[in-house]
Amino acid sequence: MRTHLALSCLVFLCLVFLCLVLGGVAGGAGKVPRKNFYKRTSCPNAEQLIRDITWSKARNDATLGAKLLRVHYHDCFVRGCDASILLDKVGTDDSEKEARPNLSLGGFDVIDDIKRQVEAKCPGIVSCADILALAARDAVSFPFKTLMWEVETGRKDGNVSLASEVNGNLPSPFSDFATLKQIFANKRLNVDDLVALSGAHTIGVAHCGAFSRRLFNFTGKGDMDPSLNATYAESLKKLCPNPANPATTVEMDPLSSTSFDSNYFNILINQKKGLFQSDAALLNDKKSVIVIKKLQKDRVFFSEFARSMQKMGAIQVLAGNAGEIRKNCRVKN
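What you are looking at is a predicted structure, and each value in this text was computed from that prediction instead of being measured.

Calculation notes
Residues numbered from 1 in each chain as written. Predicted model: local features only at pLDDT ≥ 70, side-chain atom pairs only at ≥ 80, totals over all residues. Heavy atoms only, no water. Helix = DSSP H or I, 4+ residues; strand = E, 2+ residues; numbered from the N terminus. Rg over C-alpha atoms; globule rule 2.2 N^0.38 Å. Buried < 20%, exposed > 50% of the residue type's maximum accessible area, 1.4 Å probe, protein only. Contact = heavy atoms within 4.5 Å. Areas by Shrake-Rupley, 256 points an atom, 1.4 Å probe, with all protein chains shown as cover. Core = buried A, V, L, I, M, F, W, Y, C linked by side-chain atoms within 4.5 Å. Disulfide = S-S within 2.5 Å. Expected span 1.5 Å × (residues − 1). Salt bridge = Lys/Arg side-chain N within 4 Å of Asp/Glu carboxyl O.

Another aspect to go through is the overall build of the chain. On a plain count of helices and strands, the chain comes out with 13 helices and 2 strands. Relative to the compact-globule value of 20 Å for 333 residues, the chain shows a C-alpha radius of gyration of 21 Å, a close match. In terms of its C-alpha atoms, the chain occupies a principal-axis envelope of roughly 75 × 55 × 45 Å. Residue burial in the chain is summarised as follows: out of 333 residues, 48% are buried. A separation threshold of at least 6 residues defines the contact pool for the chain, and within that pool the share at least 24 residues apart is 74%. Accessible surface, the chain as shown: approximately 16200 Å² in total, 56% of it carbon and sulfur.

Put into structure tokens, the structure is as follows:
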């Protein structure tokens, strides 16, 4: 009897352990230790230092918010928010940076400079993952002179970065709604998060290749995507002729690409001016449309975006004994 009971307990514990492991592998959110993590370390002013450096750079670069927000987003969806996107290639295996969706990312030099200055004051204390999360928030917040969302800290840095892991984890501008919903669900994010985080497209630019198929060959018959505003499409064709200059970029939110606001949702639902196929896909789901209508007001968008950013920032974080604090964000220790 006792033997059977002991075996049953052992099997139960093994199953619990297996579920925890598989849950982490499948994309479950890790536990960021707490708010103001660095206040309890030998670097209590880390967040203020990062904010001061970021704001000084944002003062001379109106696109910085879009750049760092995109890097943070691309980081969290692959291996979680562990700064794996910052690692350079080592040996023959391409890092995440070399994956095609990441070739147009910018702002790495800014993260490098912030890290150098932080290390000079607090060596070995502040992770690259936290610097990226904080700097992305601070760069977007700069025009408002207030913090647009709370960032919990205490992440550690990962030591693996593989280009082969990007596709399938990172949402594509060509994705349909079902694909987007599944990718977000894999990260424990729901439709509310999908729509709110898509609002990041209110700032920044895109290369023609990310949407040119909608203009010239949507179904393979030389046609245009009928869900795209026709007048808008014609203006895009002038900016991005076929074939387009690979260096050409277009505002994701026309005439408002440096202003973080709810305009993205207004032009998406009222004018059919979502630039990407993935933007237009949000209109193909009833629940998504309800959320879009709700987010047309700045106040509501800011609140929901903040909530979803906090959830995204907790995807598969490394904390405690997992991971490391890199000395240089581009290479593991």
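Here we come to the nonpolar core. Membership of the largest hydrophobic core comes to 79 residues, with the highest contact counts inside it found for Leu86, Trp149 and Phe305. The element that contributes the greatest number of residues to this core is helix α5 (residues 128–141), accounting for 10 residues. Excluding its chain neighbours within four sequence positions, the residues that come into contact with Phe305 are Leu69, Trp149, Ala196, Leu197, Ala200 and Phe260. Counting 14 residues, the second-largest nonpolar core is a separate cluster that includes Cys208, Phe211, Leu215 and Tyr232.

To continue, consider the state of the cysteines. Counted under the stated rule, the structure contains 4 disulfides. Here Cys76 pairs with Cys81 through a disulfide, and the sulfurs are 2.0 Å apart. Measuring handedness by torsion sign, the sulfur bridge of Cys76 and Cys81 sits at about 120° and is right-handed. Residues Cys76 and Cys81 agree in their burial class; the two are buried. When the cysteines engaged in disulfides are numbered in sequence order, the chain pairs them as 1-4, 2-3, 5-8, 6-7.

So, about α5. Across its 14 residues, α5 extends 20 Å between first and last C-alpha, which sits within 8% of the 20 Å expected from 1.5 Å per residue. Burial within α5 is extensive, with 14 of its 14 residues counted as buried.

Attention shifts here to the pattern of salt bridges. Taken as a whole and judged by the stated rule, the model has 16 salt bridges. For Lys57, the salt bridge goes to Asp113, with nearest N and O atoms at 2.7 Å. Pair noted here: Lys57 is in helix α2 (residues 46–58) and Asp113 is in helix α4 (residues 108–121), with a separation of 56 residues, a long-range link. On the basis of relative accessible area, Lys57 is assigned to the partly exposed category, the value being 24%. The class for Asp113 is buried, based on a relative accessible area of 19%. A salt bridge links Arg155 to Asp130; the shortest N-O distance between them is 2.7 Å. Here the residue Arg155 occupies a position in the loop between α5 and α6 (177–186), and Asp130 occupies one in helix α5, the gap between them amounting to 25 residues. Salt bridges here are not isolated pairs; linked through shared partners, they connect Asp88, Lys97, Asp112 and Arg330.

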